[in-house]
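# Architecture and fold: a report
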Amino acid sequence: MTNILVINAGSSSIKYQLIDMETEDLKAKGLVERIGIDGSAITHTTIGKEKIKTVKPMADHGEAMLEVIKALTDEETGAVKSMDEIQAIGHRVLHGGEKFTQPSLVNEEVLEGIREYIELGPLHNPANIKGIETCMELIPGKPNVAVFDTAFHQTMPEHAYLYGIPYEAYKDHKIRKYGFHGTSHRFVAMQVEKILGRKDLRIVTCHLGNGSSLAAVKDGKCIDTTMGLTPLEGLMMGTRSGDIDPAAIPYLMHKYNMTAEETVTYLNKKCGVLGVSGVSSDFRDLEAAAEEGNEKAQLALDMFCYRIKKYIGAYAAAMGGIDVIAFAGGIGENDNIVRKAVLTDMEFLGVDFNEAANNVRGDADLTGPNSKVKILVVSTNEELMIARETKSLVL
Ligand code: ADP
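The structure presented is a predicted model; accordingly, all values stated were derived computationally and were not measured. All residue numbers refer to positions counted from 1 along the written sequence of the respective chain. Where totals are concerned, whole chains, interfaces and linings use all residues; where local detail is concerned, this predicted model gives features only for residues with pLDDT of at least 70, and gives and counts side-chain atom pairs only at 80 or more. Hydrogens are left out, water is left out, and the side-chain values use all remaining heavy atoms of the structure.

## Things to note about the sheet that holds strand E7 (residues 104–105)
- Ordered in space as E5-E4-E3-E2-E1-E6-E8-E7, the eight strands form an open sheet in which the pairing is mixed. Edge positions in the sheet fall to strand E5 (51–55) and E7, since each of these pairs with one other strand and no more.
- Should DSSP find at least two bridges between two strands, the strands are taken to pair. Starting at the N terminus, helices and strands are each numbered in turn, a helix being any DSSP run of H or I of at least four residues and a strand any DSSP run of E of at least two. Of the strand pairs in this sheet, strand E4 (residues 41–46) and E5 are connected by five bridges, and their pairing is antiparallel. Paired with Thr45 across the two strands is Lys51, which belongs to E5.

## Remarks on the site of the ligand
- Taken together, Gly209, Asn210, Gly211, Asp282, Phe283, Arg284, Gly329, Gly330, Ile331, Asn334, Asp335 and Arg361 make up all the residues around the ligand.
- Contact distances for the ligand include 3.5 Å between a nitrogen atom and a side-chain N or O atom of Arg284.
- By the criterion applied in these results, polar contacts are pairs of N or O atoms within 3.5 Å in which, for protein atoms, one can donate a hydrogen and the other can accept it, and in which residues neighboring in sequence qualify only through two side-chain atoms. Between the ligand and the protein, one listed contact pairs an oxygen atom with a backbone N or O atom of Ile331 at 3.4 Å.
- Here the accessible surface of atoms and residues is derived via Shrake-Rupley with a 1.4 Å probe, and residues count as covered only by protein chains that are part of the display. Here the ligand loses 72% of its free accessible area of 570 Å² to cover by the protein chains.
- At the level of secondary structure, the elements contributing two or more residues to the shell around the ligand comprise helix H10 (283–291) and helix H12 (329–334). Here a residue is considered near a molecule or strand provided that any single heavy atom belonging to it is located within 4 Å of it.

## Looking at the sheet that holds strand E10 (residues 212–218)
- The six strands are arranged E11-E10-E9-E12-E14-E13 in an open sheet whose pairing can be described as mixed. In this open sheet, the two edge strands, each paired with only one partner strand, are strand E11 (221–225) and strand E13 (364–365).
- Taken together, the two bridges between E13 and strand E14 (residues 374–377) define a ladder with antiparallel strand orientation. Following the sheet pairing, Asp365 is matched in E14 by Leu376.
- The strands touched by helix H11 (residues 295–319) are strand E9 (202–208), E10, E11 and strand E12 (324–328); relative to E10, the strand with the most contacts, the crossing angle is about 15 degrees.
- Along the sheet, helix H13 (residues 336–343) makes contact with E9, E12 and E14, crossing E12 at roughly 160 degrees. Contact criterion: two residues are considered in contact whenever any of their non-hydrogen atoms come within 4.5 Å of each other. Geometry is summarised by axes, namely lines fitted to C-alpha atoms with helices restricted to the contacting stretch, and by angles between N-to-C directions that run from 0 to 180 degrees.

## With respect to the side chain of Glu389
- Within the secondary structure, Glu389 is located in helix H14 (residues 382–394).
- Ignoring any residue separated from it by four or fewer positions in sequence, one finds Glu389 in contact with Pro103, Val147 and Arg186.

## Observations regarding a negative patch on the surface
- Each patch groups residues whose relative accessible area exceeds 30% and which form no salt bridge, using 9 Å between like charges and 5 Å between nonpolar side chains of Val, Leu, Ile, Met, Phe, Trp and Tyr. Salt bridge, as applied in this entry: a Lys or Arg side-chain nitrogen positioned within 4 Å of an Asp or Glu carboxyl oxygen. In this tally Asp and Glu are treated as negative and Lys and Arg as positive; neither His nor the chain ends contributes. To locate a charge, the coordinates of NZ of Lys, CZ of Arg, CG of Asp or CD of Glu are taken. Taken together, the side chains of Glu50, Asp74, Glu75 and Glu76 present a region of like negative charge at the surface.
- Mapped onto the secondary structure, Glu76 falls in the loop between helix H1 (61–73) and strand E6 (88–93).

## Observations concerning H1
- Expected helix span is taken as 1.5 Å per residue step, with the number of steps being one fewer than the number of residues. Spanning 13 residues, H1 covers 18 Å between terminal C-alpha atoms, matching the ideal 18 Å at 1.5 Å per step.
- Looking at the buried positions of H1, the neighbouring elements they touch are strand E1 (3–9), strand E2 (14–20), strand E3 (25–33), E4 and helix H3 (125–138).
- One side-chain oxygen of the residue at the start of H1 lies 3.1 Å from the amide nitrogen of Gly62, identifying that residue as Asp60.

## Here's the deal with the pairing of E1
- Per-residue accessibility, obtained with a 1.4 Å probe over protein chains only, is compared with the maximum for each type, and a residue is labelled buried under 20%, exposed over 50%, and partly exposed between these values. With seven of seven residues buried, E1 is to be regarded as a mostly interior element.
- Judged by which residues are buried, E1 turns out to be covered on both faces: Asn3, Leu5, Ile7 and Ala9 on one side and Ile4, Val6 and Asn8 on the other are all buried.
- Examined bridge by bridge, E1 and E2 share seven bridges and lie antiparallel to one another. Bridged to Asn8 within E2 is Lys15.
- Sheet topology places E1 next to E6; four bridges connect them, and they run parallel. Within the sheet, the bridge partner assigned to Leu5 lies in E6 and is Ile89.

## Digging into the pattern of salt bridges
- The final tally for this structure, using the stated rule, is 17 salt bridges.
- Across the salt bridge formed by Lys56 and Glu67, the nearest N and O atoms sit 2.9 Å from each other. On the criterion of sequence distance, the pair formed by Lys56 in the loop between E5 and H1 and Glu67 in helix H1 is long-range, its members being 11 residues apart.
- On the basis of relative accessible area, Lys56 is assigned to the partly exposed category, the value being 28%.
- The class of Glu67 is buried, set by a relative accessible area of 11%.
- Through salt bridges with shared partners, one network takes in Glu108, Glu112, Arg115 and Glu133.

As structure tokens, this is what we get:
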């Protein structure tokens, strides 16, 4: 028996999964919401048993974790008899800066390293640290492993990750492109290698969800990605602007009378397809509105897909061609309208896309008969990737 608990701690939430790593089967999953806020609740499901929702006050991550333990070990609705049946805990950590190029077994030095990057991941890293410390205290004696969203992108060459600003800004203040969703991009690239049975591939992995990013993966290594110092750069997203002229920022501040912080929040939460359409950040709503003739919704979809196309072209140039385009994430796995728009008129790259196969959800091969480029849909599984990394490090 090898059970690994995967924890994704946010500022007011904890998402968790218990995975049996002998079979890689999910045994239980759940979510604690509104920690420290009115209406705290835990929703827990042990696979094959009924879903349980408990609303009760939880003042902090410690109290929330006690509820997670209770849910996992509940005699009737739990997944294990005691926490002794869990061998290790894997944690999602947002920002590992340049220090963490690999998952790391947590010790004081690793915690200190994660603290060092709080400045670059101010919303996530403190919550991730809390999640780790709470587990160390409440589930003592288990190895904890930190798996970083940025680590996979650390193989980018200097010419790809540096910004065109004075070198001291990088040396003194760590300002550079880091990239995010690394665990997902790595999982997808590895699935592609497994499906095609080879590693010498030039893959563009497209993680399209609430947050979206692309990565250029050559021979298993990331050589470029669309997100930057923060997740705001690159593609247009549900509520994030993506690439924007930096000079537009002080102009926006001035026109809308916003502080720097307010402007960053605006660019993260009020922009993207939501901002352009004025309808929603959810692609199902957008597509329904576009279908009914809402022009702004259609425009937002066109802008979203155009940027993906543009970056695929850029990454083809960066890698000297493309062998595979892989779609993942809530949009990548489910949205045939976005996939069609991205893959249409890409013959110049050798893309022939099998539209008849496009009407699917989840794993699929959309490669047309004349395509030089494999087109795959891969269901991403960041939790499983974290569990795999944890297992390989400690067991
Ligand atoms: P996150 O980035 O938070 O992990 P997901 O990867 O789950 O998010 O993606 C969520 C997004 O996926 C939703 O906002 C929605 O736009 C999109 N999505 C989910 N299902 C569908 C669907 N059937 N058709 C189109 N879009 C979908």
